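Here is how the chains run, residue by residue.
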Amino acid sequence: MVIFLLIPFIIFMLVRKFLVRKEVKNIANKHIVVIGGSSGIGKSIAELAARKNAHVTIIARNIDKLAQAIEDIRKCSVNPAEQRISYVSVDVTNFEDIENNLCEIEETIGPIYMLVNCAGFAICGEMERFSVHEIKSLININILGSIYPVKAIIPKFKQRREGIIVLTGSLVSLFGMYGYSIYSSCKFALRGLAEAIHMELKPFGVTVTLALPPDTDTPGFHQENKSKPIETSKISTMGTLYKPDEVAEKILRDALDGNFFSYIGFNGFILTTLCKGFSPFKSFRQVIFESAILGLIRFVSAFYVVQMQKIIQLCFDEKEQRKRGQRKNKYT
Ligand SMILES: NC(=O)c1ccc[n+]([C@@H]2O[C@H](COP(=O)([O-])OP(=O)(O)OC[C@H]3O[C@@H](n4cnc5c(N)ncnc54)[C@H](OP(=O)(O)O)[C@@H]3O)[C@@H](O)[C@H]2O)c1
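The notes below deal with the structure included here. (Residues numbered from 1 in each chain as written. Predicted model: local features only at pLDDT ≥ 70, side-chain atom pairs only at ≥ 80, totals over all residues. Heavy atoms only, no water.)

**Considering the overall build of the protein chain**
Link 1 in the chain: Scanning the protein chain from N- to C-terminus turns up 11 helices and seven strands.
Link 2 in the chain: The C-alpha radius of gyration computed for the protein chain amounts to 22 Å, which stays within 12% of the reference 20 Å derived for 332 residues, consistent with globular compactness.
Link 3 in the chain: Each of the three principal axes of the protein chain carries a C-alpha extent, and together these read 75 × 60 × 35 Å.
Link 4 in the chain: Classification of the 332 residues of the protein chain by burial places 48% in the buried group.
Link 5 in the chain: Look at the contacts in the protein chain between residues 6 or more apart in sequence, and 75% of them connect residues 24 or more apart.
Link 6 in the chain: Accessible surface, the protein chain: about 17,500 Å² in total, of which carbon and sulfur atoms supply 58%.
Link 7 in the chain: Computed over 42 positive and 32 negative side-chain charges, the inter-centroid distance for the protein chain is 6 Å. (Helix = DSSP H or I, 4+ residues; strand = E, 2+ residues; numbered from the N terminus. Rg over C-alpha atoms; globule rule 2.2 N^0.38 Å. Buried < 20%, exposed > 50% of the residue type's maximum accessible area, 1.4 Å probe, protein only. Contact = heavy atoms within 4.5 Å. Areas by Shrake-Rupley, 256 points an atom, 1.4 Å probe, with all protein chains shown as cover. Lys, Arg positive; Asp, Glu negative; His and termini not counted. Charge placed at Lys NZ, Arg CZ, Asp CG, Glu CD.)

**Details of the site of the ligand**
Link 1 in the chain: Near the ligand, the surroundings consist of 29 residues, among which Ser38, Ser39, Tyr183, Thr216 and Thr218 are the closest.
Link 2 in the chain: Residue cysteine 118 places a main-chain N or O atom 3.4 Å away from an oxygen atom belonging to the ligand.
Link 3 in the chain: Between an oxygen atom of the ligand and a side-chain N or O atom of lysine 187, the distance comes to 3.0 Å.
Link 4 in the chain: Summarising the interface, the protein chains cover 93% of the accessible area of the ligand, which totals 880 Å² for the free molecule.
Link 5 in the chain: Those elements that provide at least two residues to the shell around the ligand are helix 2 (40-51), helix 6 (181-201) and helix 7 (219-225). (Near = heavy atom within 4 Å. Polar contact = N/O pair within 3.5 Å; in protein donor to acceptor, adjacent residues only side chain to side chain.)

**Some thoughts on the packing of aromatic side chains**
Link 1 in the chain: For the structure shown, the criterion picks out seven aromatic pairs.
Link 2 in the chain: Taken together through their ring pairs, the aromatic side chains of Tyr263, Phe269 and Phe289 make up a single cluster.
Link 3 in the chain: Above the face of the tyrosine 113 ring, lysine 30 is positioned so that its terminal group lies 4.6 Å from the ring centre.
Link 4 in the chain: Over the ring of tyrosine 263 we find lysine 250; its NZ or CZ atom is 5.0 Å from the centre of that ring. (Phe/Tyr/Trp six-rings, centres within 6.5 Å; stacked < 30°, edge-to-face > 60°. Lys NZ or Arg CZ within 6 Å of the ring centre and 35° of its normal.)

**Considering the side chain of glutamate 290**
Link 1 in the chain: Position of glutamate 290 relative to the elements: it lies in helix 11 (residues 284-330).
Link 2 in the chain: Discounting residues that sit within four places of it in the chain, glutamate 290 has contacts with Thr273 and Lys276.

**Structural notes on the environment of lysine 226**
Link 1 in the chain: For lysine 226, the position within the fold is in the loop between helix 7 and helix 8 (230-236).
Link 2 in the chain: Considering only alpha carbons, one finds lysine 226 and cysteine 124, 102 residues apart in sequence, at a separation of 8.5 Å.

**A few points about the pairing of strand 5 (residues 163-168)**
Remember that side chains alternate between the two faces of the sheet whenever the strand is regular.
Link 1 in the chain: Burial analysis of strand 5 places six of its six residues in the buried class, which makes it a mostly covered element.
Link 2 in the chain: Covered by surrounding structure in strand 5 are Gly163, Ile165 and Leu167 together with Ile164, Val166 and Thr168, the residues of both alternating faces.
Link 3 in the chain: Two elements, strand 4 (residues 112-117) and strand 5, share four bridges in a ladder whose sense is parallel. Bridge pairing in strand 5 places methionine 114 opposite isoleucine 164.
Link 4 in the chain: Traced from strand 4 through helix 5 (residues 132-160) to strand 5, the parallel crossover comes out right-handed. (Pairing = 2+ DSSP bridges. Right-handed = clockwise from strand over helix to strand, strands pointing away.)

**Some details on the sheet that holds strand 4**
Link 1 in the chain: With respect to topology, seven strands assemble into an open sheet ordered 3-2-1-4-5-6-7, the strand pairing being parallel. The open sheet has two free edges, formed respectively by strand 3 (85-89) and strand 7 (261-262), since each of these has just one partner strand.
Link 2 in the chain: Each of strand 2 (55-60) and strand 3 is contacted by helix 3 (residues 63-76), which is oriented at about 165° to strand 3, the strand it contacts most. (Axes fitted to C-alpha atoms, helices over the stretch in contact; angles between N-to-C directions.)

As structure tokens, then:
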């Protein structure tokens, strides 16, 4: 009997989730700050916000890239006479710099309504191959580079009793994958940060969204590919490569809808649903839906795990075979 009620309910929830477009908050005339807005996903979010008539400030380090990006973002504005589209060069891993600059931006442009942090990068490789310098730079940008701007903006959002914070994790915020030991550790940390500040800020009307982009065709992704071990590249082909505009649209929509996780696609849905744990939810209907499909999804995840293990074992066997061949050649 229960199963006959559950199946239509699950279908109804899936249709609602994937096919129904809900109205979200309007950001016309609101001030949106995008850290990491000169490239990739951050730039796409900034362009999208400009198309929605928001005032947009992008932050990154390289001034040439910022100047180039701001031209593209200005072209997206719908009310060029009124909309303020500007950039600031700041290294987000320096707390004083980011704090002072966020204060200045508020004085010149207006109160920040939404802070999106997309600054980050990955270096791949087997754990023991990382230099201490690489480990520190990954931790600096991916963890401290998220904690610092959030620490700087929270007092303002709390005082105004409104605001939206978007942190950018990754699918490897939810599961550790071959070649991503350091990056994944950093992105896992963002989940803890996002859940904790979500609890702290909810009474103040401030929302937090943790974006979990899949592989996305950006300059950062192309750079990351250069360091990927063969195992990581092969496992990555199990997923889809998305366009930054698609990912940006989903992130902005989820953030404006107050969703805690922002994911895209089937893999994102499976992984996020499986790893929800103690994360915040918006309705009990959603919790019932997730509980109903959790067992099935765990089963699906086992298929992915086996596939990944097979790829790793095959690569290992090939390497061993090559090594044996090389040793043989040496002694003949
Ligand atoms: N692309 C993917 O497949 C993918 C998948 C999952 C998660 N993500 C995450 O999504 C975010 C955006 O990725 P993306 O591929 O769009 O990156 P991207 O194209 O490399 O852009 C990164 C942006 O961050 C800025 N940035 C880097 N370090 C900075 C610093 N210390 N201070 C200020 N700004 C800094 C960069 O500009 P400057 O270098 O000039 O500072 C640039 O504007 C990252 O957090 C990444 O980890 C990406």
